Amino acid sequence: MKIDQATVEKVAMLARLELASDEEEKMTEQLNDILDYADKLNELDTEDVKPTAHALPIKNVFREDVVEESLDRDIALKNAPEKESGSFKVPKVIETGE
Amino acid sequence: MGADYEVTIGLEVHAQLDTNTKIFCSCSTEFGAEPNVHTCPVCLGLPGVLPVLNKKAVEYAIKTGLALNCDIASFSKFDRKNYFYPDLPKAYQISQFDLPLCTDGHINVKTEDEEVRVRINRIHMEEDAGKLVHDGTTDEGSLVDYNRVGTPLIEIVTEPDIHSPAQAVAYLKELKSILEYLEVSDCNMAEGSLRCDANASIKPKGQEELGTKTELKNMNSFKAIEKALKYEIKRQAKVLNAGKEVIQETRMWDDDLGKTFSMRGKEEAHDYRYFPEPDLVPMEVDESWLEKIEEDIPELPTDRKARFINEFGLPEYDAEVLTDSKDIADFFEATVNKHDDPKSVSNWVMGDLMRLLNEENLEINEADITADGLAEMLALMDDGTISSKIAKTVFEEMFKTGKDPDTIVEEKGLKQISDEDELGNVIDGVIENNPDAVADYKGGKDQAIGYLVGQVMKETRGKADPQLTNQMLREKLS
């Protein structure tokens, strides 16, 4: 798979990154290099290998359903750029119809 | 519309699992707390934290899968669903993408005139998002409450097997009833514990290929879901009849206006870029764990209804109403265990009890009345201590105060008058004071006796034994 500049623009938009056009070119090149490198794996025959879901050979790590103390609200809100009435405050978002 | 189109509906239900703690951290899932008091570095998505899966949430999801006749995946994992929205502090939701915990289930659903099988495509686990508050004092911003972030959810997705709004509601009611019986979710729609989105399309009758569907959101009650689907089906028919095409899109239901509105343009093209959640290891469910969970599944509503008909000889209607809610069905059975007259118990539960619960807007387990109390009251009726009319008064008093029926009868002096001397005095007085009715009766108007019995009841404030009164009146006037 080849990555073109349009793909980089799209991925940047999805990640909310603003890239200058020379940065876009650079990213296109670098991302292609990375993919080319990863492509080497395709040279291996993986016919009989199950897909890996996780790098660690561990499964079923659970906790019991027991409540523990939450963060103090003042601490939770401490790094918020804006807050009001015990809540985080963000630019207005409203989902409305036409 | 009418005979020209066939309707196809698929439903996606999100149910909050009724665990004490969130799905990946030990914060409480309590509803209605002050904003942002149930948060921690994990659910706030602070850097460097690790989610750890709540075992009970997994068990509840498996329990649901088993009850809905699903296959439970022996191997399952979590994935990240990426999108930016302020109700999602990590900018991704931990969900399940290609390996959901449960697949290929079904339930049978009955409407007034038909029974249909609705297949379940999948049930997967995920975390809930936070809550945005738009109104209030702020004019230039929205407030975010992250208490709900990380509440465990299951998303239950049907195949497009539903063919009318009535079937959709019947499916949802059956599903809700099953979830309540399993005690995996409190299914409180007003508090958002049960939420439903719908996909709907129509196609010309006989056409193989499905029509273009729209996705409906923002329905907060069964009634709203039914209304939204009805509206949307009509709207799509109008579009097709005008020779236009239905556009695949998400539409918001506005309950006040009774219309769906396009979200086109308001919604960016979604590209969730799912990938396996590297911070959580996979789940493997073996037979012994499944067996243990299976043992925990109670008798489900359909089976219980059948048993109520067979074991207690109840009419189908009674069995249906009584088993709709597990708590009501439990109350009924507990009463019948103490007072072996199922139809009479059923009448009281479906009648006075449900009426009072409705009036007071209470659930049965919030009311003070007990099954023992109702059984004792019915025994008092049977042995003639109270009349059926007085029983209604006693029942209301039990409901209001939680006192036992003996105490109420004693305190209020409601004991039925069955003493012939005492009753005879009252009857003599009534005969003396109502010469017209007495003359009518003697003149052959038999219904005049009813009036006289009524007068005795009035004199005794309902406490006279009606049968004895009737009999004694007839004797005295013969």
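Residues numbered from 1 in each chain as written. Chains lettered and ligands numbered in written order. Predicted model: local features only at pLDDT ≥ 70, side-chain atom pairs only at ≥ 80, totals over all residues. Heavy atoms only, no water.

Time to look at the overall build of chain A. Check the secondary structure of chain A and you find three helices and three strands. The order of helices and strands in chain A, counted from the N terminus, is α-α-β-α-β-β. What you see for chain A is a C-alpha radius of gyration of 23 Å, clearly larger than the 13 Å of a compact globule of 98 residues, by over 25%. Seen through its principal axes, chain A has C-alpha atoms that stretch 55 × 45 × 30 Å. Counting only residues that meet the buried cut, chain A has 21% of its 98 residues in that class. A separation threshold of at least 6 residues defines the contact pool for chain A, and within that pool the share at least 24 residues apart is 29%. Working note: accessible area of chain A is about 8100 Å², and carbon and sulfur atoms make up 53% of it. The average position of the 13 basic charges and that of the 25 acidic charges among the side chains of chain A differ by 7 Å. (Helix = DSSP H or I, 4+ residues; strand = E, 2+ residues; numbered from the N terminus. Rg over C-alpha atoms; globule rule 2.2 N^0.38 Å. Buried < 20%, exposed > 50% of the residue type's maximum accessible area, 1.4 Å probe, protein only. Contact = heavy atoms within 4.5 Å. Areas by Shrake-Rupley, 256 points an atom, 1.4 Å probe, with all protein chains shown as cover. Lys, Arg positive; Asp, Glu negative; His and termini not counted. Charge placed at Lys NZ, Arg CZ, Asp CG, Glu CD.)

Along its length, chain B carries 15 helices and 17 strands. Whereas a compact globule of 478 residues would reach a radius of gyration of roughly 23 Å, chain B reaches 30 Å, over 25% beyond that. For the C-alpha atoms alone, the extent of chain B along its principal axes is close to 95 × 55 × 55 Å. Counting the 478 residues in chain B, one finds 51% classified as buried. Sequence separation of 24 or more characterises 69% of the internal contacts of chain B that already satisfy a separation of 6 or more. Accessible surface computed for chain B: about 22900 Å², of which carbon and sulfur atoms make up 46%. Across chain B, 54 positive and 94 negative side-chain charges occur, with their mean positions spaced 5 Å apart.

Taken together, the contacts link 37 residues of chain A with 59 residues of chain B. For the pair chain A and chain B, the summed buried area comes to about 4200 Å², and 56% of that belongs to carbon and sulfur atoms. Area buried by chain A at its contact with chain B is led by Phe62, Arg63 and Asp65 of chain A, which between them contribute 18% of it. Counting across the interface, chain A meets chain B through three salt bridges. Among the ionic pairs, Glu284 of chain B bridges to Lys59 of chain A, the shortest N-O distance being 3.5 Å. At the junction of chain A with chain B, the criterion picks out 22 residue pairs in polar contact (both at pLDDT 80 or more). Here the side of chain A that touches chain B gets five residues from one element, more than from any other, and that element is strand 3 (residues 87-91) of chain A. Residues belonging to the side of chain A that touches chain B are distributed by class as follows: 16 nonpolar, eight polar and 13 charged. (Buried area = accessible area lost by both parts, 1.4 Å probe. Salt bridge = Lys/Arg side-chain N within 4 Å of Asp/Glu carboxyl O. Polar contact = N/O pair within 3.5 Å; in protein donor to acceptor, adjacent residues only side chain to side chain. Nonpolar A, V, L, I, M, F, W, Y, C, P; charged D, E, K, R; others polar.)

With antiparallel pairing, the four strands of this open sheet are ordered in space as 2(A)-3(A)-10(B)-9(B). Each edge of the open sheet is held by one strand with a lone partner, namely strand 2 (83-84) of chain A together with strand 9 (131-133) of chain B. By the bridge criterion, four bridges tie strand 3 of chain A to strand 10 (residues 141-145) of chain B in an arrangement that is antiparallel. The residue bridging Phe88 of chain A from the neighbouring strand is Val144 of chain B, located in strand 10 of chain B. (Pairing = 2+ DSSP bridges.)

Next up on the list: the nonpolar core. All names here are of chain B. Formed by 121 residues in total, the largest nonpolar core has its most connected members in Ile62, Leu101, Met125, Ile156, Tyr171 and Met377. For this core, the leading source of residues is helix 2 (residues 165-182), giving ten residues. Viewed by domain, this core spans two of them, domain 1 (2-290) and domain 2 (299-412), each represented by three or more residues. The residues contacting Ile156, other than those within four sequence positions of it, are Leu11, Glu12, Val13, Thr64, Leu68, Ile120, Arg122, Ile123, Tyr171, Leu175 and Leu179. One finds Val438, Ala448, Ile449 and Val456 within the second-largest nonpolar core, a separate group that totals 19 residues. (Core = buried A, V, L, I, M, F, W, Y, C linked by side-chain atoms within 4.5 Å. Domains from an automatic or database assignment.)

Turning our attention to helix 6 (residues 316-323) of chain B. Residues and elements named next belong to chain B. Three or more residues of helix 6 are buried, namely Asp318, Ala319, Leu322 and Thr323. The buried side chains of helix 6 occupy one side of the element, clustering within an arc of 110° when seen end-on. Along its buried surface, helix 6 packs onto helix 2, helix 5 (301-312), helix 7 (326-338) and helix 8 (342-360). (Arc of directions from axis to C-beta.)

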